[in-house]
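Here's the letter readout for the chains.
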Amino acid sequence: MMAAGGGAARGGGAATTSTSFRRSGGSRLAAVPGTRPALRHGQLLLSCGVPSLDCVLGGGLAVGTLLLIEEDKYGVYSSLLFKYFLAEGVVCGHDLFVASAQDPPANIIKELPAPLLDDNFKTERVEATAAKSEDCQDSMQIAWRYQNAPKVETSPTTSIKFGHYYDVSKKMSPELLQSIKWHSFFLPDELPLEPKLKMCNMNCGYARLLRSIQSVIYQEGFDGSHPQKKQKNILRIGIQSLGSLLWDDDICSTNTPEDIHSLTKFLYVLRGLLRKSLSACIITMPSHLIENKAIMERVTNLSDMVVGLESFIGSERETNPLYKDYHGLLHVHQIPRLNSLICDVSDTKDLAFRLKRKQFTVEKMQVEEKRWSKS
């Protein structure tokens with residue numbers, strides 16, 4: 001009845017007729033630049049810098065969560081995803097917090113990939129399509145019975161444009177880097193200041209890092225319990241190679257480390273900080289070096305999302321013709337259940353990644369071609 005009355009009023013043009021329904025002004029969280037609300041659970045999402053990976057993770061990285069990336073053997077592609085996450089923050093105008101024990105954060109910021117503009121991206125897509133058609137011409141030697149097989153959607157896609165694309169062959173311009181605010185934590189510079197600092201029985205490096213993150217969240221107004229006076233913004237936290245020997249942690253060198261609970265306590269406290277702040281964190285970790293599997297299981301449970309990278313560099317798959325189009329495999333170990341009893345799980349586990357034509361993409365492997373090649 002109310003809907004019919006509204007339609008009659010619009011048809012008659014009466015200015016005095018009103019309705020109790022009012023268009024909502026929109027969520028305050030949705031107004032944060034570089035974010036969007038999830039359709040399934042309403043959680044605020046931001047892009048990790050790789051749109052195809054966002055689709056695998058259920059639409060993006062939820063604000064207040066932690067994404068753990070298990071590094072590949074040589075740390076080539078995990079370092080690239082780390083820079084994609086930070087580069088996306090620069091383009092969206094988010095604040096950055098970069099922590100490292102190996103590379104100075106200033107050098108990491110300078111090496112961020114340059115974003116692709118819409119025109120450049122269209123050109124890249126045309127070139128990629130042309131190259132793909134050439135590959136199709138070369139692959140016409142398949143059996144006739146496979147020619148009419150249904151096509152497989154190789155790249156996870158979405159109809160809503162979210163995130164940006166980047167050219168790894170070019171560095172981000174200094175003008176764009178100067179437009180954002182970023183904080184740094186370089187362990188070799190921090191340890192001499194307070195070498196005996198301890199917190200919750202964590203080692204000195206973790207305690208210093210945790211206090212630095214906590215200070216930025218509270219002082220810059222990212223704490224959710226104390227609303228920001230200025231326009232709301234997101235803090236992107238990136239921690240590189242956490243748990244390695246450079247962080248003064250011996251979990252990668254022995255099966256019985258001295259501080260066996262130091263890393264898990266750090267993640268527990270960090271996760272609490274993320275939950276009550278407008279922030280999101282990405283951590284790369286050399287999980288292949290951690291001998292104690294029980295520690296790795298606890299680390300996984302203390303993370304919201306866990307993704308593993310398996311590079312083909314130095315393995316027999318690097319020269320295997322079945323994997324000639326890919327540079328490694330992507331393993332999704334854990335996806336969070338946010339405001340829901342179920343989680344957004346990818347429809348396939350045969351995920352691979354490749355770095356081709358200056359872009360990093362996550363795709364679904366062509367299992368049909370694999371079966372034909374084996375037969």
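Our structure is the block above this text.
Residues numbered from 1 in each chain as written. Predicted model: local features only at pLDDT ≥ 70, side-chain atom pairs only at ≥ 80, totals over all residues. Heavy atoms only, no water.

## Considerations on the environment of Leu-263
Now for step 1: Mapped onto the fold, Leu-263 is located in helix α9 (residues 262–275).
Now for step 2: Since its relative accessible area comes to 1%, Leu-263 is described here as buried.
Now for step 3: Leu-263 sits 21 residues away from Leu-242 along the chain, and the two C-alpha atoms are 8.5 Å apart.
Now for step 4: Apart from residues no more than four positions distant in its own chain, Leu-263 is found in contact with Tyr-206, Leu-242, Asp-249, Ile-251, Met-285 and Val-299. (Helix = DSSP H or I, 4+ residues; strand = E, 2+ residues; numbered from the N terminus. Buried < 20%, exposed > 50% of the residue type's maximum accessible area, 1.4 Å probe, protein only. Contact = heavy atoms within 4.5 Å.)

## Here we look at the packing of aromatic side chains
Now for step 1: On inspection of all chains with the given rule, the structure shows nine aromatic pairs.
Now for step 2: An angle of 55° between the planes, with centres 5.8 Å apart, marks the rings of Tyr-84 and Tyr-166 as tilted. Taken as a pair, Tyr-84 in helix α3 (residues 76–92) and Tyr-166 in strand β7 (residues 166–171) lie far apart in primary sequence, 82 residues in all. Assigned by exposure class, Tyr-84 and Tyr-166 land together as buried.
Now for step 3: Here Phe-353 and Phe-360 contribute two aromatic rings whose centre-to-centre distance is 5.3 Å and whose plane-to-plane angle is 25°, an arrangement assigned as stacked. Considered together, Phe-353 and Phe-360 belong to a single accessibility category, that of buried residues.
Now for step 4: Each residue in the set Tyr-77, Tyr-84, Tyr-166, Phe-353 and Phe-360 is aromatic and connected to the rest through ring pairs, giving one cluster.
Now for step 5: Here Arg-36 stacks its cationic end above the ring of Phe-162, 4.3 Å away from the centre of that ring. (Phe/Tyr/Trp six-rings, centres within 6.5 Å; stacked < 30°, edge-to-face > 60°. Lys NZ or Arg CZ within 6 Å of the ring centre and 35° of its normal.)

## Remarks on the environment of Tyr-268
Now for step 1: With respect to the secondary-structure elements, Tyr-268 resides in helix α9.
Now for step 2: Tyr-268 sits 35 residues away from Ser-303 along the chain, and the two C-alpha atoms are 8.8 Å apart.

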